[in-house]
Amino acid sequence: MGTLALAAKITHVPSMYLSELDGPRKGTRQDAIDGHHEISRRCRALGVDTLVVFDTHWLVNANYHVNCAPHFQGTYTSNELPHFIANLPFESPGNPTLGRLMARVATDLGVETLAHDATTLNPEYGTLVPLRYMNADQHFKVVSVSALCMAHYLDDSARLGWALRRAVEDHYDGTVAFLASGSLSHRFAQNGLAPEFAFKVWSPFLEHLDHRVVEMWQRGEWRDFCAMLPEYASKGHGEGFMHDTAMLLGALGWSDYGAPAEVITPYFGASGTGQINALFPVTPQTGAAIPVPIASRAKGYTAISQRL
């Protein structure tokens, strides 16, 4: 029925917002902003109606969650970096229909997921920063998915990504893009050194590791990358434990995926972290390589609907 038309790994560095403002950082993240503009342009050309963002700033401690309120509007200040993002206005239409479908299909496939369509919960800046540059005219509807998963299995996140694709392709009447909003290595500069590392990665090890990963992506070495993802997420200080990346790759077929990534904004350092904008072409997949669910098969598991 529906179409997953575009998939991307995107940056959401708050210095993109600083780059708009008068001062010493003005214009310094224009390359990242231009990358978001290009992804937005491609989504429009493909007829995308909804952006689904896997947000590594939405922290959750149990279950997976989908914020699919009918409308988002407000003014946002980051609790983490209030000197970077302060009083950021935002507004976007939501998509409750798609959000509910995704939660139902994911739960049916063994990954318990809750849709929140009647909520005052607003998105975090892993969603809001990209929307500022991709959806300033509110052209797209928006759904935000929790991806800072504190007690979750990467295999379940991969299965979630596949389930969300199934929800789109089997049940939704529309065209969707999936955006994994998070960095590669995410080791912030030590307190007191942030200005020195504004445009650098924290260590040569992490920078070399990230560059090797990007090479793997560009060569389509997904079987090897999926196998190393848990260790890369740990030793590479992956943002949100790289659950956003697992979700994206799950949607693309996991280790059966074979297409080379297209780098839109080349790898760059930001406050010690490694960042990129890259497109992953969507290809036909059977789902044969998708991991089985783990949490819902655990001894003693009961569905949240039975507990609350």
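Our subject is the structure that appears above.
Residues numbered from 1 in each chain as written. Predicted model: local features only at pLDDT ≥ 70, side-chain atom pairs only at ≥ 80, totals over all residues. Heavy atoms only, no water.

## Describing the pattern of salt bridges
Pairing of side chains with opposite charge becomes possible as their charged atoms draw close. This model, assessed by the stated rule, comprises 18 salt bridges. Across the salt bridge formed by R132 and E20, the nearest N and O atoms sit 2.6 Å from each other. Placement of R132 in helix α4 (residues 125-134) and of E20 in the loop between α1 (15-18) and α2 (30-45) is noted, with a sequence separation of 112 residues between them. Residue classification places R132 among the partly exposed positions, given a relative accessible area of 27%. Looking at E20, the relative accessible area reads 28%, which means it is partly exposed. The closest approach of N and O atoms between R219 and E221, which form a salt bridge, is 4.0 Å. Via salt bridges that share partners, E38, R41, R42 and E262 belong to a single interconnected network. (Salt bridge = Lys/Arg side-chain N within 4 Å of Asp/Glu carboxyl O. Helix = DSSP H or I, 4+ residues; strand = E, 2+ residues; numbered from the N terminus. Buried < 20%, exposed > 50% of the residue type's maximum accessible area, 1.4 Å probe, protein only.)

## Notes on the packing of aromatic side chains
Taken as a whole, this structure holds 10 aromatic pairs when the rule is applied. Consider the rings of W222 and F225, whose centres lie 6.1 Å apart with planes at 90°: the pair is edge-to-face. Taken together, the positions of W222 and F225, both in helix α7 (residues 222-235) and three residues apart, correspond to about one turn of that helix. An identical accessibility class is assigned to W222 and F225; each is buried. When the ring of W222 is compared with that of F280, the centres are 5.1 Å apart and the planes differ by 55°; the resulting orientation is tilted. With W222 in helix α7 and F280 in the loop between β10 (273-279) and α9 (304-307), the pair connects residues that are 58 residues apart, well separated along the chain. Of the residues examined, W222 reaches a relative accessible area of 0% and is grouped as buried. Aromatic rings pair up to connect W217, W222, F225, Y232, Y257 and F280 into one cluster. Taking the ring centre of W162 as reference, the NZ or CZ of R166 above it sits at 4.9 Å. (Phe/Tyr/Trp six-rings, centres within 6.5 Å; stacked < 30°, edge-to-face > 60°. Lys NZ or Arg CZ within 6 Å of the ring centre and 35° of its normal.)

## Details of the side chain of S144
Along the chain, the position of S144 falls in strand β7 (residues 141-149). On the accessibility criterion, S144 (1% relative accessible area) is buried. A distance of 3.0 Å separates the side chain of S144 from the side chain of T127, its partner in a polar contact. Excluding its chain neighbours within four sequence positions, the residues that come into contact with S144 are V53, D55, W58, H65, V66, N67 and T127. (Polar contact = N/O pair within 3.5 Å; in protein donor to acceptor, adjacent residues only side chain to side chain. Contact = heavy atoms within 4.5 Å.)

## Examining the packing of helix α6 (residues 204-219) against α7
For the pair α6 and α7, interaxial distance at closest approach is 11 Å and the crossing angle is 160°. Taken together, α6 and α7 sit at an angle that is classed as roughly antiparallel. In terms of crossing hand, the pair formed by α6 and α7 is left-handed. Contact residues: α6 offers F205, L206, L209, D210, V213, M216 and W217, while α7 offers W222, D224, F225, M228, Y232 and K235. Split into classes, the residues belonging to the contact of α6 with α7 amount to 10 nonpolar, no polar and three charged. (Axes fitted to C-alpha atoms, helices over the stretch in contact; angles between N-to-C directions. Parallel < 35°, antiparallel > 145°, perpendicular 65-115°, else oblique. Left-handed = near helix turned anticlockwise from the far one by under 90°. Nonpolar A, V, L, I, M, F, W, Y, C, P; charged D, E, K, R; others polar.)

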